[in-house]
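Topology and contacts: notes
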Amino acid sequence: MAQPLSEFDIIFAGGGTTACVVAGRLAEYDPSLKILILEGGPHTFNQATHIQPYQYYTHQAEGSITMTSYIGNPSPNLNGRSPTVACGHCVGGGSSVNYMGYTRAPASDFDDWGVEGWESKNLLPLMKKLETYDVHPDRLTHGYNGPIKVSSGGGKLGIFEEFVHVGTTYHKREFADDTDDLETCNTYSPWAKYICGTTGRRSDAAHNYVYNQAHNTNLQLWVGKRVKRVIFEDKRAVGVEFASDSVSCPDMDQSLSTVRATKLVVVSAGAFGSPTILERSGIGAEAVLKRCGIEQMVDLPGVGENYQDHNGAFLPYFAADGVVTMDSLWRGEESVVQESLAEWKKNGGTLIAQNGTDVKIKWRPDDDELKAMGSTFQPRWQAFFQDRPDKAVAIFALFAGYLGPLSSVLPPRNYITAEYYTLYPASRGSVHIKLGENNEEEIDFTAGYLDDPSDIAPLNFAYKKMREICRRMPSYQGEIPAGHPRFPDGSAAACGVASPVDLNAPDIAYTAEDDKAIENFNRDCMQTTWHSLGTCAMKPEADQGVVDARLNVYGVTGLKVADLSIVPKNVGTNTYSTALLVGEKAAMLILEDLGIVRRSCKLLWESAWACL
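A short tour of the structure in this document, coming up. Note that the coordinates shown come from a computational prediction; the quantities given were computed from them, not determined experimentally. (Residues numbered from 1 in each chain as written. Predicted model: local features only at pLDDT ≥ 70, side-chain atom pairs only at ≥ 80, totals over all residues. Heavy atoms only, no water.)

1. Considering the overall build of the protein
Summing up its helical and strand segments, the protein has 16 helices and 22 strands in all. Taking 2.2 N^0.38 as the reference for a compact globule, 612 residues should give roughly 25 Å; the C-alpha atoms of the protein span a radius of gyration of 24 Å, in line with that estimate. Principal-axis analysis of the C-alpha atoms places the extent of the protein at approximately 70 × 55 × 50 Å. Put simply, of all contacts in the protein between residues at least 6 apart along the chain, 73% involve residues at least 24 apart. Of the roughly 23600 Å² that the protein leaves accessible, carbon and sulfur atoms contribute 50%. (Helix = DSSP H or I, 4+ residues; strand = E, 2+ residues; numbered from the N terminus. Rg over C-alpha atoms; globule rule 2.2 N^0.38 Å. Contact = heavy atoms within 4.5 Å. Areas by Shrake-Rupley, 256 points an atom, 1.4 Å probe, with all protein chains shown as cover.)

Structure representation (structure tokens):
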């Protein structure tokens, strides 16, 4: 590691997915640039819990310092509950801790943003440039020479053949081998993964954009450093103020330090970190800054607003003894772990290189399903979904195994978990700073989950449909009652140990009381899918925008935001793909701004378009 500098060309406030992409690309195309990444969390380089895919669950375990949990304000629409949302807190951010599901948004999502230069036709070359798609050859919308590897993962889980069979018969949907081609929707398909098909390692932004440039001493990464605010001179960003992170470095001196940037500061701390850094820097709504005793420099009321996520639920079921699941690995059974690891180290195979799910459907309701969802959802369907056939309402999927709050009390056996999460909730929330007890700063987080009445209907229907699919699978052995709605005594919907039913068996008949139990369950248990975005939206300033189309923060110079917080409207995908894309686009914008055009940007454009 080179001697620390006190001045850099470019400073990144945050070292998550997008920051790694941008910094890595800039260093690649101009190695003389002096670049600093300040990350509050720890290193992830070659750490087993980060590179071995099956271990993703460890990052949300009690005592983990690789994720930060934010507690939302209580909501009556969650039955008074305070939701918790966790985000990556380590080098690589979410890419180093997520469950590696490969999905991409439909092309229309980017066109709907209405931002010049961010249309799907302009972004497609970058989508292809960033990936090596090892699932199927010669697909026009996929890339085959990028840093991020996409594969089917390691050992196979046969339970998903059952899921597809039920889906294509009982559920009457077709099967396609790729629904991540930016348009295909409402068909069952394999679920690819951000896992290298050769090594079996997680394919994250940290290892593939930054750690692989350790030879470049001009690219520096300081871990355990939390940025407090941006420093300005005449409204130009000239550096940042930071301290040792109290979570990852509890024994370090917490006094503040500064480091200067001669060209640019890039705030890249995510949907929670980026707006709060801006607010501490005097950029935001007057009322928010005033209550915290911060002098306002720029009036940007959109800072911290427009919070969005996907709404999900996970339902556990008993599975037959002979089924291959992840449970023995996730329970840490020593003989299974060691045998699997030995094989994985040889060839990158076995369930070590798995996340537990191999198939999904990006689901849209048919006419009968739409009718069953009731009148509350109809206006939302007609206004947003009806004329956009590439937009799914939700993703349905299965996990071969169970990871959840009941794990510590369930007997050691096989389980499956049904997952459903809605992709375009109408509700919005916010993230701001506030002063709590003893005048200490806190996060004022309103998730907004289920605030719009239309958001609950798809969740209620998804519970019923996923239960019908599961009970028709040969591996189904019943529901785990504690993880399902509490139906009234004597209800035909009562949960418990059971045998599979015939494909043509009638659906469970739910009473009004049963429906109320399902809705209460979803309000009690619906949770984040760890896809937070939107709080520094790329929109016109008059429309509560925070950054322009080149990611410049309104009202100042020398400052950009680059992460999922800039996404103005939700995307129908697991958001790792979007974070990577924002990073690739941001790198190009910065290279253009710096005038590195003739030599580097031209090559970048040519290499991107060569993939078409």
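2. A few points about the side chain of H171
Within the secondary structure layout, H171 lies in the loop between α5 (159–169) and β7 (188–190). There is a polar contact of 2.6 Å between the side chain of H171 and the side chain of Y188. Excluding anything up to four places from it in sequence, H171 contacts V166, Y188, I361, W363, E369, F396, K465 and I469. (Polar contact = N/O pair within 3.5 Å; in protein donor to acceptor, adjacent residues only side chain to side chain.)

3. With respect to the packing of helix α4 (residues 120–129) against helix α15 (residues 576–593)
Contact pair α4 / α15: the axes reach a minimum separation of 9 Å and the direction vectors enclose 110°. Considered as vectors, α4 and α15 are oriented roughly perpendicular to each other. For the pair α4 and α15, the sense of crossing is right-handed. For the pair α4 and α15, the contacting residues are L123, L126, M127 and K129 in the first and L581, E584, K585 and M588 in the second. Taken together, the residues of the contact of α4 with α15 sort by class into five nonpolar, no polar and three charged. (Axes fitted to C-alpha atoms, helices over the stretch in contact; angles between N-to-C directions. Parallel < 35°, antiparallel > 145°, perpendicular 65-115°, else oblique. Left-handed = near helix turned anticlockwise from the far one by under 90°. Nonpolar A, V, L, I, M, F, W, Y, C, P; charged D, E, K, R; others polar.)

4. Focus: the pattern of salt bridges
Evaluation of the coordinates by the stated rule reveals 27 salt bridges. Residue K560 is joined to D593 by a salt bridge in which the shortest nitrogen-to-oxygen separation is 2.7 Å. Of this pair, K560 sits in strand β22 (residues 559–561) while D593 sits in helix α15, and the two are 33 residues apart along the sequence. Owing to a relative accessible area of 3%, K560 belongs among the buried residues under this scheme. Looking at D593, the relative accessible area reads 40%, which means it is partly exposed. Among the charged side chains, a network of salt bridges with common partners joins D109, D112, R388 and K391. (Salt bridge = Lys/Arg side-chain N within 4 Å of Asp/Glu carboxyl O. Buried < 20%, exposed > 50% of the residue type's maximum accessible area, 1.4 Å probe, protein only.)

5. Structural notes on unusual backbone geometry
Positioned with a positive phi, N46 is a non-glycine residue whose angle comes to about 55°. Tracing the backbone through its elements, the reader meets N46 in the loop between β2 (35–39) and α2 (48–51). Given the relative accessible area of 39%, N46 is considered partly exposed. Positive phi, normally seen in glycine, also occurs at D138, with a value near 60°. Tracing the backbone shows D138 in the loop between β5 (131–133) and β6 (148–150). D138 gets classed as exposed once you look at its relative accessible area, which sits at 72%.

6. Digging into the environment of Q386
Along the chain, Q386 falls in the loop between α12 (378–385) and β16 (394–399). Looking at Q386, the relative accessible area reads 41%, which means it is partly exposed. Residues Q386 and R364 lie 22 residues apart in sequence; the distance between their C-alpha atoms is 9.6 Å. When near neighbours in sequence (up to four residues on either side) are disregarded, Q386 contacts R364 and W381.

7. A short note on the layout of surface pockets
A water-sized probe, rolled over the atoms, reveals where empty space remains. When its volume is computed, the second largest pocket comes out at roughly 650 Å³. Around the second largest pocket, the lining comprises 27 residues; the ones closest to its centre are E369, A372, M373, F461 and K464. Looking at the lining of the second largest pocket, the elements with two or more residues in it are α11 (367–372), α13 (456–471) and α14 (512–525). A breakdown of the residues in the lining of the second largest pocket according to their chemical character gives ten nonpolar, five polar and twelve charged. (1 Å grid on protein atoms, 1.4 Å probe; cavity = no way out; pocket = protein on both sides within 12 Å on 5 of 7 lines; lining within 4 Å. Points joined across faces, edges and corners; volume = space filled by probe spheres on them.)

8. As for empty space enclosed by the protein
In total, this model carries four cavities of 30 Å³ or more according to the counting rule given. Its volume calculated, the largest cavity comes out at about 100 Å³. Lining the largest cavity, in full, are Y102, R104, A105, F110, M127, L130, E131, L182, Y194, S577, T578 and L581. Take the lining of the largest cavity: its biggest share by element is three residues, from α15. Across the lining of the largest cavity, the residue classes tally to eight nonpolar, two polar and two charged. Estimated volume of the second largest cavity: approximately 70 Å³. In this structure, the second largest cavity is lined by F377, R380, F385, V393, T422, L423, Y424, P425, S454, D455 and P458. By residue class, the composition of the lining of the second largest cavity is seven nonpolar, two polar and two charged.

9. Considering the packing of α13 against α14
Put simply, α13 and α14 touch, their axes get as near as 9 Å, and they point 110° apart. Considering their axes alone, α13 and α14 lie roughly perpendicular with respect to each other. The way α13 lies across α14 gives a crossing that is right-handed. For the pair formed by α13 and α14, the contact residues are I456, L459, N460, Y463 and K464 on the first element and D515, I518, E519, N522 and R523 on the second. A class-by-class count of the residues in the contact of α13 with α14 yields four nonpolar, two polar and four charged.

10. Considerations on the packing of aromatic side chains
The full count for this structure, using the stated rule, is 34 aromatic pairs. Plain terms: the ring middles of F272 and F445 are 4.9 Å apart, the flat faces sit at 80° to each other, and that makes the pair edge-to-face. Taken together, the residues span a long stretch of sequence, with F272 in helix α7 (residues 270–280) and F445 in strand β19 (residues 441–446) at a distance of 173 residues. On the basis of relative accessibility, which here comes to 2%, the residue F272 falls in the buried class. Here the aromatic residues Y56, Y57, Y99, W191, F314, W330, F399 and W530 are joined through ring pairs into a cluster of three or more. Looking at R380, its charged tip hangs above the ring of F384, at a distance of 4.4 Å from the centre. If you follow K585 out to its NZ or CZ, it ends over the ring of W118, 5.8 Å from the centre. (Phe/Tyr/Trp six-rings, centres within 6.5 Å; stacked < 30°, edge-to-face > 60°. Lys NZ or Arg CZ within 6 Å of the ring centre and 35° of its normal.)

11. Looking at the environment of N145
With respect to the element layout, N145 can be found in the loop between β5 and β6. In this structure the C-alpha to C-alpha distance between N145 and S407, which are 262 residues apart in sequence, comes to 40 Å. Apart from the residues lying within four places of it in its own chain, the contact partners of N145 are E131 and T132.

12. Regarding the pairing of strand β14 (residues 311–319)
Note on strand geometry: in a regular strand, side chains alternate between the two faces of the sheet. Burial of β14 is extensive: eight of the nine residues sit out of reach of the surface. The pairing of β14 with strand β21 (residues 527–528) spans two bridges and is classified as antiparallel. The partner of N311 across the bridge, within β21, is T528. Pairing of β14 with strand β20 (residues 476–479), which is carried by two bridges, proceeds in the antiparallel orientation. (Pairing = 2+ DSSP bridges.)

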